Amino acid sequence: MRATVTDPVLSESGNVGAAFGLIVDCSSLVARDFQGSMFVTNMHWLDIDPPTFTATGLAGLSAHGSNGVEATFDGIFAPAFLADMGIADPNLVQGYVDVNAVTGLSSATFAVLGVGNGSQWPLGSWKYRLANSAWSTRDIMFGRLAKPAKAVGVSPKGTISTTRPTFKWKKLGSATAYEVRVYKGTTLLLKKTGATTLSWKASKALPRKVYLTWKVRGSSSAGAGSFSTALKFKFGLSCHRARGRSRPRAPTARWCCRCPRLCARRSASALLCALPAGGRRWAADRRARWP
Amino acid sequence: MIRRYSSARRLRRLPALFAVLLLALLLAPTALASAGSGPVTWAPVDSTYGFSETHFVAVPLPAPPGMGATSLGLGAAYGAGFWDAATEVFAMGFINAIPTGAGLPAIGQTELSTGPLPAGTPLKLGFRKAAGQKVDSVAMLGDPNALVSIEPSDPATLTAAT
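Residues numbered from 1 in each chain as written. Chains lettered and ligands numbered in written order. Predicted model: local features only at pLDDT ≥ 70, side-chain atom pairs only at ≥ 80, totals over all residues.

**What about the overall build of chain A?**
Phase 1 of the analysis: Tallying secondary structure elements over chain A gives six helices and 20 strands in all.
Phase 2 of the analysis: Scored against the burial criterion, the 291 residues of chain A give a buried share of 38%. (Helix = DSSP H or I, 4+ residues; strand = E, 2+ residues; numbered from the N terminus. Buried ≥ 20, exposed ≤ 12 C-beta atoms within 10 Å, placed from the backbone.)

**Describing the nonpolar core**
Phase 1 of the analysis: Grouped together as the largest cluster of nonpolar side chains are 77 residues, with contacts concentrated most on F20 and V24 of chain A.
Phase 2 of the analysis: Apart from residues lying up to four places away in sequence, V24 of chain A is in contact with V40, V89, F90, V135 and V138 of chain B.
Phase 3 of the analysis: Judged by nonpolar contacts, the second largest core, of 14 residues, contains A151, F167, Y178 and V182 of chain A. (Core = buried A, V, L, I, M, F, W, Y, C linked by C-beta atoms within 7 Å. Contact = placed C-beta atoms within 7 Å.)

**Looking at the environment of V45 of chain B**
Residue and element names in this part refer to chain B.
Phase 1 of the analysis: Along the chain, the position of V45 falls in the loop between strand 1 (40-42) and strand 2 (48-49).
Phase 2 of the analysis: Judged by the 11 C-beta atoms lying within 10 Å of it, V45 is exposed.
Phase 3 of the analysis: Between the C-alpha atom of V45 and that of H55, which follows or precedes it by ten residues, the distance is 6.2 Å.
Phase 4 of the analysis: Once residues within four sequence positions are removed from consideration, V45 is found in contact with H55, F56 and A58.

**Some words on the sheet that holds strand 12 (residues 153-155) of chain A**
Residue and element names in this part refer to chain A.
Phase 1 of the analysis: Judged by pairing direction, the sheet is antiparallel, and its three strands sit side by side in the order 12-14-17 without closing on themselves. With partners counted over all chains shown, the strands left at the sheet margins are strand 12 and strand 17 (199-201), one partner each. Geometrically, the sheet is characterised by an average inter-axis angle of 25 degrees between neighbouring strands, direction not taken into account.
Phase 2 of the analysis: Examined bridge by bridge, strand 14 (residues 166-169) and strand 17 share three bridges and lie antiparallel to one another. Residue T166 lies in a different strand from strand 17, and its bridge partner there is K201. (Pairing = 2+ DSSP bridges. Axes fitted to C-alpha atoms, helices over the stretch in contact; angles between N-to-C directions.)

**Quick notes on the interface of chain A and chain B**
Phase 1 of the analysis: Every contact between the two is made by 48 residues of chain A and, on the other side, 45 residues of chain B.
Phase 2 of the analysis: Elements with a contribution of two residues or more to the side of chain A that touches chain B: strand 1 (2-4), strand 2 (21-25), strand 3 (37-41) and strand 6 (71-77) of chain A.
Phase 3 of the analysis: The residue inventory of the side of chain A that touches chain B, partitioned by class, reads 25 nonpolar, 17 polar and six charged.
Phase 4 of the analysis: Of the strand pairs in this sheet, strand 3 of chain A and strand 10 (residues 137-141) of chain B are connected by five bridges, and their pairing is parallel. Bridged to S37 of chain A within strand 10 of chain B is S137 of chain B. (Nonpolar A, V, L, I, M, F, W, Y, C, P; charged D, E, K, R; others polar.)

**A look at the sheet that holds strand 5 (residues 58-64) of chain A**
Residue and element names in this part refer to chain A.
Phase 1 of the analysis: Spatially, 4-5-11-7-8 is the arrangement adopted by the five strands of the open sheet, whose pairing is antiparallel. The open sheet terminates on both sides in strands that have one partner only, identified here as strand 4 (48-49) and strand 8 (100-101).
Phase 2 of the analysis: Both strand 7 (residues 94-97) and strand 8 contribute to a ladder of two bridges, which runs antiparallel. Bridge pairing in strand 8 places Y96 opposite A101.

**Describing the environment of D25 of chain A**
Phase 1 of the analysis: On the secondary structure map, D25 of chain A appears in strand 2.
Phase 2 of the analysis: A count of 24 C-beta atoms within 10 Å places D25 of chain A in the buried class.
Phase 3 of the analysis: In contact with D25 of chain A, not counting residues within four places along its chain, are R32 and P50 of chain A together with V89, D136 and S137 of chain B.

**Topic: the pairing of strand 18 (residues 212-220) of chain A**
Residues and elements named next belong to chain A.
Phase 1 of the analysis: Where burial is concerned, most of strand 18 is hidden: seven out of the nine residues are buried.
Phase 2 of the analysis: Looking at chain direction, strand 15 (residues 177-184) and strand 18 are connected through seven bridges and run antiparallel. The residue bridging R181 from the neighbouring strand is K215, located in strand 18.
Phase 3 of the analysis: The pairing of strand 18 with strand 20 (residues 231-235) spans three bridges and is antiparallel. Of the residues in strand 20, the one forming a bridge with W214 is L231.

**Focus on unusual backbone geometry**
Phase 1 of the analysis: The step from S155 of chain A to P156 of chain A runs through a cis peptide bond, and the omega angle for that step is 5 degrees.
Phase 2 of the analysis: Turning to its location among the elements, P156 of chain A is positioned in the loop between strand 12 and strand 13 (158-160).
Phase 3 of the analysis: The omega torsion of the bond from E151 of chain B to P152 of chain B falls at 0 degrees, within 30 degrees of zero and hence cis.
Phase 4 of the analysis: One can find P152 of chain B in the loop between strand 10 and helix 2 (155-160).
Phase 5 of the analysis: For D98 of chain A, which is not glycine, the phi dihedral falls at a positive 60 degrees.
Phase 6 of the analysis: By secondary structure assignment, the location of D98 of chain A is in the loop between strand 7 and strand 8.
Phase 7 of the analysis: The backbone of E53 of chain B sits at a positive phi, close to 55 degrees, despite the residue not being glycine.

Right under this line is the structure:
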């Protein structure tokens with residue numbers, strides 16, 4: 001290996017006038033296999049680590065800088081590795097601080113330094129330079145973050161027992177936020193953007209007795225991914241199940257009115273259910289038909 | 001029944017304690033050596049510094065394997081590496097004092113500006129690893145505007161190399 005001692009910048013551990021060190025990552029983790037790539041920085045070697053964040057299409061390291069002090073990071077990659085990252089044109093590589101593209105940050109800059117001729121870095125390898133001055137612990141990454149893959153919704157689906165369900169979906173590797181949409185037919189009823197967890201509870205009660213659909217999609221700094229396949233659901237548990245009974249006892253008017261689905265089946269209006277006499281008639285009829 | 005030890009009986013146990021202590025002292029260098037004998041080690045005698053490509057020298061035992069210096073005299077700079085088996089990461093750097101043990105040094109010990117390795121000193125460093133050991137990446141603190149290279153640069157050849 002060939003390199004040169006340098007004067008590092010102030011970083012989390014402190015500062016010295018000259019230093020040299022390196023970190024060789026031999027991890028067996030596939031996500032950290034950067035195929036012998038090199039990273040060169042003027043940040044002290046005690047403050048650089050293998051990346052804590054890994055994503056398809058990105059390679060880099062983790063750094064612990066001093067806020068307000070600009071540190072530079074060079075990434076040197078062989079064309080074969082760039083191709084494995086899904087990057088056909090090395091000029092399209094971007095710089096990322098954590099998962100945020102440098103193009104959207106005021107505290108960072110990124111430059112494509114070009115292909116090497118062997119005098120400064122290996123012949124044929126591409127070199128990129130990222131400078132960053134806003135610090136805590138950051139993942140400094142190079143590559144091309146793809147839009148998140150098609151999302152996968154988990155629940156609700158089918159018949160549910162609450163009008164304010166919690167929507168759940170599967171994690172997407174490169175997504176930093178999720179968007180949930182709920183529809184009645186083609187009418188958008190609810191929309192939640194910027195969800196950072198893998199679930200979200202409906203912010204208001206959804207209509208009963210009708211089938212609704214919902215879908216989710218992930219987004220990253222590369223853009224929004226595809227929506228999940230829409231899942232269909234409907235509020236509509238029968239009263240006795242909702243109340244934990246295997247068989248209803250003599251219903252009261254209150255009980256009956258909490259059971260709009262059964263009332264609807266019996267073609268009884270809410271007013272009829274509310275009447276004790278109507279309730280008694282309904283109960284007698286119901287007992288006779290109960291299996 | 002309560003057993004009581006007399007002073008004489010306590011004294012008779014002292015040789016045993018000394019034996020345990022002696023064994024621990026004898027095994028200590030082995031423990032230090034094992035900390036630096038991971039899949040990647042620095043090869044000081046295969047490494048050079050400066051424009052005249054002066055060879056580093058290996059620091060003799062009981063120093064851990066893979067430890068070198070610019071010289072064995074006063075004012076030398078030392079190089080030492082630390083292999084973390086849990087993360088499979090090798091960290092190596094130069095320091096201005098003899099390492100006192102395995103692990104990373106304090107930042108004050110990494111100051112090289114007043115020694116034989118000031119900023120701007122070119123380095124040619126050799127390392128040893130097991131054949132088949134894959135190198136995912138190398139991150140280094142170094143001059144980004146000077147020559148930087150890994151040989152062999154081909155990942156398959158690098159993996160096969162020792």
